[in-house]
Amino acid sequence: MAAIRPIDYGTPERTAEASVSLEIDGQAVTVPEGTSVMRAAMTAGVDVPRLCATDSLEPFGSCRLCLVEIEGRKGYPASCTTPVEEGMVVRTAGDTVQRVRRNVVELYLSDHPGTSVIGEGHGDDELLAMAARLGVEASRYPSAHNHQAAAVDESNPYFRFDPSRCIVCSRCVRACNEIQGTFALTVDGRGFASMISAGTGEDDFLGSECVSCGACVQACPTEALEEKTFIEAGAPERAVVTTCAYCGVGCSFQAELRGDRIVRMVPYKHGQANHGHSCVKGRFAWGYTNHPDRITSPMIRERITDAWREVSWEEAIGFAAERLNGLRERHGPGVLGAITSSRCTNEETFLVQKLARAVFGTNNVDTCARVCHSPTGYGLKNTFGTSAGTQDFDSIQSADVVLVIGANPTDAHPVFASQLKRRLRAGARLIVADPRAIDLVRSPHVEADYHLQLRPGTNVALVNALAHTVIAEGLEDAGFIRTRCEADEYAAWREFILRPENAPEAVEEVTGVPAGTLRAAARLYATGGNAAIYYGLGVTEHSQGSTMVMGMANLAMATGNIGREGVGVNPLRGQNNVQGSCDMGSFPHELPGYRHIADAGVRGIFEREWGVTLDTEPGMRIPNMIDAATGDAFKGLYIQGEDILQSDPNVRHIAAGLEGMECVIIQDLFLNETARYAHVFLPGSTFLEKDGTFTNAERRINRVRKITEAPAGMADWEITQALAQALGYPMHYRHPGEIMDEIARTTPTFAGVSFEKIDELGSIQWPCNEAHPEGTRVMHVGEFVRGLGRFLLTPYVATDERANRRFPLLLTTGRILSQYNVGTQTRRTDNRVWHDEDILEIHPEDAETRGIREGMRVRLASRIGETTLHAHISPRMMPGVVYTTFHFPETATNVVTTEFSDWATECPEYKVTAVEVAPSHTLSEWQYSQAQARERQQRVTHEESTTEEVTARERA
């Protein structure tokens, strides 16, 4: 981990059955057929000079620095574009070649400032480094000054573009095209006047189609594109590899530091989930870790109406333990509960559920993962036998047909989306099922073959119709079904799916999708080769979320699209450790590894390990805890890194439940919305301040490594341990690695996992055990985890939440690229430049009938609440459907979402809420009251602001 950057081989790796042997500078080299001379040389330790070449991009051959001599061949070919040949003899540093290189460098320097932006040697500029390497101290050519007077583009908050330092090598353009797939950059002009341009040439970077992924910055060989933090802090001196704490892709990053200051976060090229790519959040939006809003001292108060009082850790932990013990003694353990965080590590999450079960004495433990992807666990476990996705992300490169259902990868999982778009540009076919025309429906060089624009809440009808077409037209994989699936279950399902009510013609009126389009999409999925399903919260956050997951599993089994590369049923998990929080036993009915609490054998494993007797009955989920609290039957809640007052549905009810509790403990970075009802605030640590692991959407366990000290002095696992000790339980871990060792001892799917093995392999995908000592890339190869695949009946049942005369529109919610979840982190970064409020998207027809104009403040009302926000008139919407995000507490989107939920898991039905929209000129009553409460509860020692000041700030 000490090296600042991994070796760059100049051109991408090639794989081939045949090998080629050649000689480079007197060394014998053997490489795969198709390898470039440049890469072959680098494998032998010979670093051929270059500027336009890098191993993340296809060779381009423009800079003319990598020229070599090849025996028997005239001229000096570019080593980056020349493939190796058997018996080839190469010389890389002859006198003539070196003279040409020096001449080329002088030409580049004639239109370059000749110094680094930080004034330390060559800084981050490969041209200056190459000049030093070749002994070029100055240019003999007259200064061209073609670009020296060009203005620096400072529009992007995270990086700047200085045309005076640009050598027009096109690495940035190629990175935008080949890696990111946005096609936002181009070379404008010709000859000496050519320069890099964002968009049409009239836009700056901020105003262009650039999504600020950072690929161009990373690819740039000079300091033409450079992070502003690098310019401010100076060149890094060391680097630590860690894992991003945003979405479920789980990108690996090198945190580059100068002293103890982070200079920049650079995507790690050996990261097995991201392969050196990133998005705007992981790459740049880490500044929240030092935001002035961050709470760095423990705080307590007797009543939620009191001001916060800063105290020592000892006093805060003692205060919390005294209250919890008192409640337990007076009312029993059933009045206490805990909520784990999908933003925290596996080890920290494991400790919180252990705290609830072994210390509180209750199974009242839940997690935000239930609020998003619990139907995934239920549906896949019952059909396939395990509660997780089937493939790794790289499997997409073997897919021929991709079905994206209820997911918006370009916004919510952008690094995976880039990989998906690369495969689509290479020829894979695409089906999108979504009420909204997401970017994948049509974007540069990508267009869906079919957009199944279904009405919210009709997913199950759609998937049944797809399966009906497959079976009715004889497109099923009979051999797979016969050998891999339960015969009786399949026979029952076949009879069900062939019923007339499941035919595309019958469901057309329900879904709004033309029967012909639906049948064509089903044929493509069944006959187009390897077919993969990728889905998101638009599948799970419905009253039939679990049914839909089982329906997709049925479809995959019926067509044989499971158990090999390029196929599968793949959930795109929302937060960085949603998968891990489920794996670690954060549900009230399951211990770690998805094993039911009623299983005496499983309980015995943990009872022996923990030295306690566990409760045999499942505990309460969050909604049950809140209901019980409003009835005075639930008293104390420990919340690790979650903001249920913003993230959960029907927030008025959540507020009432929290207000009824006697001890609410919040462990977080900032005073979030839920903290207004807290009695204890324990300042948590960011991903940069702790050791541990995250598990991403592909079951990949990645290391999180401590880079800086937590300003409050304790990592989250240490806080939980201290609370357990104060409650009288002997919890004594010295390092998170010891917690993982306990997880491995007690959880079969993690039996072979350790920090040491992860460090050795880079990452591990569970299950990792004796049968799979290095983990499992693709699940259900040869046989399903449960043995035979199980077809389950999936009758469509319309949600009780329906549009009517009073509420004629359907609201569905989601995310946007620059913001993340409830915005706790991203709202405290410059990502607000792109998106600083929740916006309501509405179809032009719906807007016109309501007198709504672009940018107007509108009232969004449902049967349980209302809020206001600004409108955006968008043809991406289908008539009758509106869309917004939930990133900003000022909007409080979930004040309108209902309590309807998935029948099996109580996952809230965020995606279907009947609403009406109308022009508005003021905040809603709820927004107004919460603005005042937010201001009061944010203070620690500050004077309370006046109502007028609060309202003015909120409106601004």
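For the structure, check the block above.
Calculation criteria
Residues numbered from 1 in each chain as written. Predicted model: local features only at pLDDT ≥ 70, side-chain atom pairs only at ≥ 80, totals over all residues. Heavy atoms only, no water. Helix = DSSP H or I, 4+ residues; strand = E, 2+ residues; numbered from the N terminus. Rg over C-alpha atoms; globule rule 2.2 N^0.38 Å. Buried < 20%, exposed > 50% of the residue type's maximum accessible area, 1.4 Å probe, protein only. Contact = heavy atoms within 4.5 Å. Areas by Shrake-Rupley, 256 points an atom, 1.4 Å probe, with all protein chains shown as cover. Axes fitted to C-alpha atoms, helices over the stretch in contact; angles between N-to-C directions. Parallel < 35°, antiparallel > 145°, perpendicular 65-115°, else oblique. Left-handed = near helix turned anticlockwise from the far one by under 90°. Nonpolar A, V, L, I, M, F, W, Y, C, P; charged D, E, K, R; others polar. Pairing = 2+ DSSP bridges. Core = buried A, V, L, I, M, F, W, Y, C linked by side-chain atoms within 4.5 Å. Phe/Tyr/Trp six-rings, centres within 6.5 Å; stacked < 30°, edge-to-face > 60°. Lys NZ or Arg CZ within 6 Å of the ring centre and 35° of its normal. Arc of directions from axis to C-beta. 1 Å grid on protein atoms, 1.4 Å probe; cavity = no way out; pocket = protein on both sides within 12 Å on 5 of 7 lines; lining within 4 Å. Points joined across faces, edges and corners; volume = space filled by probe spheres on them. Polar contact = N/O pair within 3.5 Å; in protein donor to acceptor, adjacent residues only side chain to side chain. Salt bridge = Lys/Arg side-chain N within 4 Å of Asp/Glu carboxyl O. Disulfide = S-S within 2.5 Å.

Caption draft 1: Representation of the overall build of the protein within the structure. Each helix and strand in the protein was counted, giving 31 helices and 36 strands. Its C-alpha radius of gyration of 29 Å places the protein within 12% of the 30 Å reference for a compact globule of 956 residues. Taking all 956 residues of the protein together, 63% fall into the buried category. Sequence-distant contacts in the protein: of pairs separated by 6 or more residues, those separated by 24 or more amount to 72%. Accessible surface, the protein: about 33,800 Å² in total, of which carbon and sulfur atoms supply 48%.

Caption draft 2: Spatial organisation of the packing of helix H9 (residues 346–360) against helix H27 (residues 736–746). H27 packs onto H9 with a crossing angle of 65 degrees between their chain directions and a minimal axis gap of 9 Å. Comparing their axes, H27 and H9 come out roughly perpendicular. For H9 against H27, the interelement crossing comes out left-handed. Where H9 abuts H27, its residues Asn 346, Glu 347, Phe 350, Leu 351 and Lys 354 lie against Pro 736, Ile 739, Met 740, Glu 742, Ile 743 and Thr 746. Residues belonging to the contact of H9 with H27 are distributed by class as follows: six nonpolar, two polar and three charged.

Caption draft 3: Examining the packing of helix H17 (residues 504–511) against helix H18 (residues 515–527) more closely. Between H17 and H18, the shortest axis-to-axis distance is 8 Å and the interhelical angle comes to 115 degrees. For H17 against H18, the interelement crossing comes out right-handed. Of H18, the residues touching H17 (which contributes Pro 504, Glu 505, Val 507 and Glu 508) are Ala 515, Leu 518 and Arg 519. Partitioned by chemical class, the residues of the contact of H17 with H18 number four nonpolar, no polar and three charged.

Caption draft 4: Layout of the sheet that holds strand S31 (residues 809–814). A barrel is described by the order of its strands in space; here six strands give the closed sequence S31-S35-S32-S34-S33-S36, paired in mixed fashion. Strand-to-strand twist in this sheet, taken as the mean axis angle between neighbours without regard to direction, amounts to 45 degrees. In terms of strand pairing, S31 meets strand S36 (residues 913–919) through three bridges, oriented antiparallel. Along S36, the bridge assignment pairs Leu 809 with Val 915.

Caption draft 5: Molecular detail of the sheet that holds strand S17 (residues 429–433). Taking strand neighbours across the sheet as the criterion, the five strands line up as S20-S17-S16-S21-S22 in an open arrangement whose pairing is parallel. Both outer strands of the open sheet, strand S20 (450–452) and strand S22 (569–571), are each paired with one neighbouring strand and no more. Within this sheet the neighbouring strands show an average axis-to-axis angle of 15 degrees, counted without direction. Where strand S21 (residues 531–535) and S22 come together, three bridges link them in parallel fashion. Paired with Ile 533 across the bridge in S22 is Val 569.

Caption draft 6: Seen up close, the nonpolar core. One finds Phe 159, Phe 205, Leu 225 and Leu 430 to be the most contacted residues of the largest nonpolar core, which totals 68 residues. Take this core: its biggest share by element is four residues, from helix H13 (residues 414–425). Residues within four places of Leu 225 in sequence aside, it is in contact with Phe 159, Arg 160, Phe 161, Cys 172, Phe 205, Cys 216, Val 217 and Cys 220. Ranked by size, the runner-up nonpolar core spans 66 residues in total, among them Phe 319, Ile 597, Ile 758 and Ile 764.

Caption draft 7: Structural context of the packing of aromatic side chains. One pass over the full model with this rule turns up 19 aromatic pairs. Ring plane angle 85 degrees and centroid distance 5.5 Å describe the contact between Phe 159 and Phe 205, whose orientation is recorded as edge-to-face. Of this pair, Phe 159 sits in strand S5 (residues 159–161) while Phe 205 sits in the loop between strand S7 (195–198) and helix H5 (215–219), and the two are 46 residues apart along the sequence. Phe 205 carries the same exposure label as Phe 159, and that label is buried. Cluster of aromatic residues (ring-pair linked, three or more members): Tyr 158, Phe 159, Phe 161, Phe 205, Phe 284 and Trp 834. Across the ring face of Tyr 883, the terminal group of Arg 436 is positioned such that the distance to the ring centre comes to 3.8 Å. The ring of Phe 784 has Arg 484 sitting right over it, with the charged end atom 4.7 Å from the ring centre.

Caption draft 8: Structural detail: helix H23 (residues 622–630). Among the residues of H23, Ile 622, Met 625, Ile 626, Ala 628 and Ala 629 are the ones counted as buried. Along the long axis of H23, the arc covered by the buried residues comes to 165 degrees, so they all point the same way.

Caption draft 9: Summary view of helix H26 (residues 716–726). For H26, a buried count of eight out of 11 residues is recorded, marking the element as mostly surrounded by other parts of the structure. Among all positions in H26, only Asp 716, Trp 717, Ile 719, Thr 720, Gln 721, Ala 722, Leu 723 and Ala 724 are buried. Buried residues along H26 sit in contact with helix H8 (313–331), H9, strand S25 (636–640), strand S26 (663–668), strand S27 (680–683) and H27. Immediately downstream of H26, the backbone of Gly 728 shows phi near 95 degrees, a positive value.

Caption draft 10: View of empty space enclosed by the protein. One pass over the structure, following the stated rule, counts 12 cavities of 30 Å³ or more. In this model, the largest cavity occupies a volume close to 400 Å³. Listed by contribution, the elements that provide at least two residues to the lining of the largest cavity are helix H12 (409–412), helix H19 (537–540) and S31. A total of three residues in the lining of the largest cavity trace back to one element, the largest contributor, which is S31. Grouping the amino acids of the lining of the largest cavity by side-chain chemistry returns 11 nonpolar, 12 polar and five charged. Taken as a whole, the second largest cavity spans an internal volume of roughly 190 Å³. Together, 17 residues line the second largest cavity, and Val 371, Glu 541, Ser 647, Asn 821 and Phe 886 are the ones closest to its centre.

Caption draft 11: Representation of the side chain of Thr 410 in the model. Tracing the backbone through its elements, the reader meets Thr 410 in helix H12. A polar contact is formed between the side chain of Thr 410 and the side chain of Asp 439, at a distance of 3.4 Å. What Thr 410 contacts, discounting residues up to four positions off in sequence, is Ala 417, Lys 421, Asp 439, Leu 440 and Leu 817.

Caption draft 12: Local environment of the pairing of strand S32 (residues 839–842). Note: S32 against strand S34 (residues 866–873), four bridges, orientation parallel. Considered in S34, the bridge of Ile 839 is made with His 870.

Caption draft 13: Spotlight on the pattern of salt bridges. For the structure shown, the criterion picks out 64 salt bridges. Where Glu 154 meets Lys 228, a salt bridge forms, and the shortest distance between an N and an O atom there is 3.6 Å. With a gap of 74 residues between them, Glu 154 in the loop between helix H3 (126–134) and S5 and Lys 228 in helix H6 (residues 228–233) connect regions that are remote in the sequence. Lys 228 gets classed as buried once you look at its relative accessible area, which sits at 18%. The salt bridge involving Arg 786 is made with Glu 486; its shortest N-O contact spans 2.9 Å. With a gap of 300 residues between them, Arg 786 in the loop between strand S30 (764–765) and S31 and Glu 486 in the loop between helix H15 (478–484) and helix H16 (487–497) connect regions that are remote in the sequence. Take Glu 486: its relative accessible area is 23%, and that puts it in the partly exposed class. Each of the salt bridges in this network shares a partner with another, and the network as a whole consists of Arg 5, Asp 124, Glu 226, Glu 227, Glu 256, Arg 264 and Arg 283.

Caption draft 14: Structural view of the environment of Gln 579. Tracing the chain through its elements places Gln 579 in helix H21 (residues 578–583). On the basis of relative accessibility, which here comes to 1%, the residue Gln 579 falls in the buried class. For Gln 579, the side chain forms a polar contact with the side chain of Arg 573, separated by 2.8 Å.

Caption draft 15: Seen up close, the pairing of S21. Counting buried residues along S21, five of its five residues qualify, which places the element largely inside the surrounding structure. Summarising the sheet, strand S16 (residues 401–405) and S21 pair through five bridges and their orientation is parallel. Directly across from Val 404, in S21, lies its bridge partner Tyr 534.

Caption draft 16: Region of interest: the environment of Arg 91. Looking at where Arg 91 falls in the secondary structure, it is placed in strand S4 (residues 89–91). Of the residues examined, Arg 91 reaches a relative accessible area of 39% and is grouped as partly exposed. Along the backbone, Arg 91 and Ser 581 are 490 residues apart, and their C-alpha atoms lie at a distance of 55 Å. The residues contacting Arg 91, other than those within four sequence positions of it, are Asp 25, Val 68, Glu 69 and Glu 71.

Caption draft 17: Representation of the state of the cysteines. Going through the model one piece at a time under the given rule, you end up with zero disulfides. Cys 172 takes part in no disulfide bond, and the closest cysteine sulfur, belonging to Cys 166, lies 6.1 Å away. Lacking any disulfide linkage, Cys 244 is separated from the closest cysteine sulfur, that of Cys 251, by 6.0 Å. Overall, Cys 244 belongs to the buried group, its relative accessible area being 9%.

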